[in-house]
Each structure stands twice: as C-alpha cells, then as structure tokens.
Amino acid sequence: MVRLRPTNVVLGMLGLMYFITYLDRVNVSTAAAGFATEFDLNKTQIGLVFSAFAYPYLVIQIVGGWISDRFGARRTLIACGIVWAAATAITGMATGLASLLIARVLLGFGEGATFPAATTAMSRWVAKQRRGFAQGITHAAARIGNAAAPGAIVVIMASSGWRSAFFACALLSFLWVVLWAVTFTEFPRDHPGVSAKELEQLPSTVPLSKPVPWMRLIKRMMPVTIVYFCYGWTLWLYLSWIPQYFLHSQHLDLRHSAFFASCVFFAGVLGDSLGGIITDRLLTYSKHLQIARSYMVCVCMFLSMVSLVPLMFIHDLGISLGCLSAGFFFSEMTIGPMWAIPMDIALDHSGTASGIMNTGSALAAIISPVASGYLIDVSGNWQLPFLGSMLLMGIGLVLALRMEPEKKFVP
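Residues numbered from 1 in each chain as written. Predicted model: local features only at pLDDT ≥ 70, side-chain atom pairs only at ≥ 80, totals over all residues. Heavy atoms only, no water.

## Overview of helix α16 (residues 384–399)
And then number 1: An ideal rise of 1.5 Å per residue puts 22 Å on 16 residues; α16 measures up with 24 Å between its terminal C-alpha atoms.
And then number 2: When we look at burial in α16, the residues that qualify are Pro 385, Phe 386, Ser 389, Met 390, Leu 392, Met 393, Gly 394, Gly 396 and Leu 397. (Helix = DSSP H or I, 4+ residues; strand = E, 2+ residues; numbered from the N terminus. Expected span 1.5 Å × (residues − 1). Buried < 20%, exposed > 50% of the residue type's maximum accessible area, 1.4 Å probe, protein only.)

## Digging into the packing of helix α2 (residues 43–52) against helix α5 (residues 97–111)
And then number 1: Contact pair α2 / α5: the axes reach a minimum separation of 8 Å and the direction vectors enclose 25°. For the element pair α2 / α5, the angle class is roughly parallel. Across the interface between the two elements, Gln 45, Leu 48, Val 49, Phe 50 and Ala 52 of α2 pack against Leu 97, Leu 100, Leu 101, Arg 104 and Val 105 of α5.
And then number 2: In the contact of α2 with α5, the residues fall into 8 nonpolar, 1 polar and 1 charged. (Axes fitted to C-alpha atoms, helices over the stretch in contact; angles between N-to-C directions. Parallel < 35°, antiparallel > 145°, perpendicular 65-115°, else oblique. Contact = heavy atoms within 4.5 Å. Nonpolar A, V, L, I, M, F, W, Y, C, P; charged D, E, K, R; others polar.)

## Quick word on unusual backbone geometry
And then number 1: In the Ramachandran plot, Lys 287 falls in the positive-phi region, its phi being about 65° despite a non-glycine side chain.
And then number 2: Looking at where Lys 287 falls in the secondary structure, it is placed in the loop between α11 (254–286) and α12 (289–307).
And then number 3: Judged by its relative accessible area of 64%, Lys 287 is exposed.

## Considering the packing of aromatic side chains
And then number 1: In this structure the tally under the stated criterion is 28 aromatic pairs.
And then number 2: Relative to Trp 236, the ring of Tyr 22 lies with its centre 6.5 Å away and its plane at 25°, an arrangement referred to as stacked. Linking Tyr 22 in helix α1 (residues 6–39) with Trp 236 in helix α10 (residues 214–249), this pair joins segments that are 214 residues apart in sequence.
And then number 3: Classification of Trp 236 by relative accessible area gives buried; the value is 3%.
And then number 4: An aromatic cluster of three or more residues is present, and its members are Phe 50, Tyr 238, Trp 241, Tyr 245, Phe 246, Phe 259, Phe 260, Phe 265, Phe 328, Trp 382 and Phe 386. (Phe/Tyr/Trp six-rings, centres within 6.5 Å; stacked < 30°, edge-to-face > 60°.)

## Observations regarding the side chain of Ser 320
And then number 1: Secondary-structure assignment places Ser 320 in helix α13 (residues 317–332).
And then number 2: Given a relative accessible area of 0%, Ser 320 falls into the buried group.
And then number 3: For Ser 320, the residues in contact, after removing those within four places along its chain, are Tyr 245, Gln 250 and Leu 311.

## Describing a nonpolar patch on the surface
And then number 1: A cluster of nonpolar side chains, Tyr 374, Leu 375, Val 378, Leu 384, Leu 387 and Leu 391, forms an exposed patch at the surface whose accessible area comes to about 550 Å².
And then number 2: Secondary-structure elements contributing two or more residues to the nonpolar patch are α15 (350–379) and α16.
And then number 3: Residue placement: Leu 384 occurs in helix α16. (Patch = residues over 30% accessible without salt bridge, like charges linked within 9 Å, V, L, I, M, F, W, Y side chains within 5 Å. Areas by Shrake-Rupley, 256 points an atom, 1.4 Å probe, with all protein chains shown as cover. Salt bridge = Lys/Arg side-chain N within 4 Å of Asp/Glu carboxyl O.)

## Concerning the nonpolar core
And then number 1: Counting residues in hydrophobic clusters, the biggest one holds 116 residues, and the most contacted among them are Phe 35, Trp 176, Tyr 238, Ile 242, Phe 246, Leu 324 and Met 338.
And then number 2: Other than its neighbours up to four places away in sequence, Tyr 238 contacts Pro 243, Val 264, Phe 265, Leu 308, Cys 323, Leu 324, Gly 327, Phe 328 and Phe 386.
And then number 3: Met 296, Cys 300, Phe 329 and Met 333 belong to the second largest nonpolar core, which has 5 residues in total. (Core = buried A, V, L, I, M, F, W, Y, C linked by side-chain atoms within 4.5 Å.)

## Section: the packing of α1 against helix α4 (residues 73–91)
And then number 1: One way to put it is that α1 packs onto α4 with a least axis distance of 11 Å and a crossing angle of 30°. Looking at the two axes, α1 sits roughly parallel to α4. Crossing hand, α1 versus α4: left-handed. Contacts from Leu 14, Met 17, Ile 20, Thr 21, Asp 24 and Asn 27 of α1 reach α4 at Leu 77, Trp 84 and Thr 88.
And then number 2: Among the residues forming the contact of α1 with α4, the class breakdown is 5 nonpolar, 3 polar and 1 charged. (Left-handed = near helix turned anticlockwise from the far one by under 90°.)

## A short note on the pattern of salt bridges
And then number 1: Evaluation of the coordinates by the stated rule reveals 9 salt bridges.
And then number 2: With its nearest N and O atoms 2.9 Å apart, the salt bridge here joins Glu 186 to Arg 124. With Glu 186 in the loop between α8 (162–183) and α9 (196–201) and Arg 124 in helix α6 (residues 114–125), this pair connects stretches of sequence that are 62 residues apart.
And then number 3: The buried category is assigned to Arg 124, whose relative accessible area is 6%.
And then number 4: In this structure, Asp 344 and Arg 131 form a salt bridge, with 3.2 Å as the shortest nitrogen-oxygen distance. Here Arg 131 lies in helix α7 (residues 131–160) and Asp 344 lies in helix α14 (residues 335–345), a separation of 213 residues in the sequence. Of the two residues, Asp 344 and Arg 131, neither departs from the other in class, the shared state being buried.
And then number 5: A network of salt bridges, in which partner residues are shared, links Arg 131, Asp 280, Arg 293 and Asp 344.

## So, the confidence of the model for the protein
And then number 1: Scored by pLDDT, the protein comes out at a mean of 88, with 97% of its residues at no less than 70.
And then number 2: At the low end of the mean pLDDT range in the protein sits α9, at 79; at the high end sits α12, at 96. (pLDDT = per-residue confidence, 0-100.)

## Side note on α6
And then number 1: For α6, with 12 residues, the first-to-last C-alpha span of 16 Å sits near the 16 Å given by 1.5 Å per residue.
And then number 2: Taking burial as the measure, the 12 residues of α6 include 12 buried ones, the bulk of the element.
And then number 3: Here α6 has its buried residues at Thr 114, Phe 115, Pro 116, Ala 117, Ala 118, Thr 119, Thr 120, Ala 121, Met 122, Ser 123, Arg 124 and Trp 125.

Right under this line is the structure:
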C-alpha cells in the first residue's frame, strides 16, 4: 500500500481549496445567463455583480495575511471556509440585484484571506526548491475550477435552475472545511506522519506571534503588487466575461459558449502547472531569483500581450479561441514565479507579504469587470476590453524588472 506523504496531502488539500474557491467565484459568470434574465439586468449591472466580490476581498487581503501569520493557517481557513460556503448558498437565495450584491460581498469577505493563508501554510510545509511548483500546481487547480465551472453550472442550470448551481457549490465548500479541520496541523513537526527526513528538507519553524514591520514590508512589496495588478486585470476580464463573450460576440448557445470558455480556462491550467515547474528549474540551473522570477514574468507577459493582437483584427471563432487561449496560457505562467516571490522576499511574513501582493489583483477585480461591461454597453465592441488588457500587460512586463526577489526583506 502506498503511503501518502503528509506534505503532499497538505498540497492536495490546498489545491482542492483553490479549485473550490474559484468554482465559487466564477460560477456567477455562467449563471448570469439565468439571473440576468430573471432580474432584467444590463451588462453594467452584471459587471457590478461580478465585481462586488472584490471590494471586501481587497480589504481582507493584508489583514487576512497577517491573521494567518499570527494565528495560523488552520484556524484562518476553517473560518474563511464557513463564511464563503454560506455566502455561496445565500447567492442561490437572491431575489434581485441588491441581494446578489450582498451575497457576493459576503463571498469576498470569506475568500479574502484564503490565498495568503495558503501561502503561510506553504511557507512551513513546502521546501524552498518547490515553491514555484507548489504555487503553480495549486493555482492550476484554481483554473480547473474556472474550466469546470461553465460546463458544470450549465448542466445543473438545465436540470434544476441557476439557484441549484450555487447550492451544490456551497455543499462542496462545507465538505472541504471538515476535511481541512481533520487533516491539517499548523507545523509539520506536530503531524504524526511526518518523518525526520522530511522535516530536514522543510523550512525552520517561524513563531506565530512574530511582529510585522508594516510600512517597510508594504514599501518592499509595492513593485510586486503593481505588477500583479497588471496581471489581475487580464485575469478578471477572462473570469468575468469569457463565457459571455462566446455567448454574445460569437453568437453561440449557452452550452457551446460554456464549452469554448472551458477550453480557454484549461489553457490556464497548463500555464499554471508549466510556469511553476519552469521557474523552479530556472532557479536550480541559474541560481538567480531575478532570472527565475522577474525575467520569466517579463517574457510571459510579453507573449500574453502579443497573443491577443490578432483578436483586434479578425472576428472568427477559431482565431478568437486560439488567441484567448494563448493569452490566458502565457498570463497564467506568471503565477508560479509571482506567488513564490513573497516567500523568497519575506519567508517569516509570507502570508502578510502575499496578501499585500494580492491586493493588486483584488483591486483589478473591482475595476476590470465593471469597466469591461461599460465599454461593451457603450461601444457594442467585445474586443475593446482586451485592448486594455494588452496595454496593462505591456506596463507589467516593464515593471517586473523592479521586483528584485533576490533582495531579502530583513525585519
């Protein structure tokens, strides 16, 4: 009988969490075909529903990172899971725009600390040479959630209506909370299944109560945060509008639009997985974090930007699918190096540092869906939002050179 190493079980549980949280985030973009008709919402209002999640998500990032560093990832993620699962169930009970917005805000509160808390867990349970892989593979699980959501939601909607889709997602979330509570220990040394050999390969234990030098850490992470905002703009454009793009711009029915949206999101799964592997390999061979993290992010952002160029000139289903898939693939290759950087820079405060970085994506999540919906309402041009994505990717690839992950933060 094969024994699962506790380090791999932890990584698997975190990957499952990433899958579920993104399933709960993006199910609304497919379910919009149901509730938008029932509640008579325009594209701008739908964009508001998409972005409502991001307001508390932005606020909770840094606080949630600090809480996970201070009180531990186990308790933090149990509390988060209960809140986001309840919020998902409440979404299925919505009676109009106002109640949809309230439910999505509550979801943002529940999920705000999840990724920083996961990074805190990884800082204790993942060896240095596997940081990129760990972040890449867990985010790949998130993109599987993106890819699975359109098809799964459509199937449930077809049989039971859009509300049942949210109830099913809520049940899955509650089950994860129970599994996490019974399988995870805060420190590897406290887990009965961890061997002495495994402990030697893991980082030394950091006390939970270590104080945070806030202003210095925020200043150190600011270049990383800005680059992550540029990436996040593209991410939330895709997550919010890709199903609607195929439905309306390409004039497909709901099932076919869900299928093509899933194809695009599966390209992100490959990008996350490959990006995490490549960044670790680059670090092994070059011994330079600047090459393995910053330079890799530059190259991937450039390729993502270039991939979208044909979309501006050719309105064809095959071309659109290819461009969008390639653009998402290369943008997602930045995830492994980007999420490894907080651990590279500030291992002792990795939850807080990753929370600071993720405020960039959270801010983009507020602006991008609404701005994109407004542009579509005003112009009727579904390609126009992707032009903004290309511009921000260009800015991000230049600023990535300023992240300097090899310069360790000294409290």
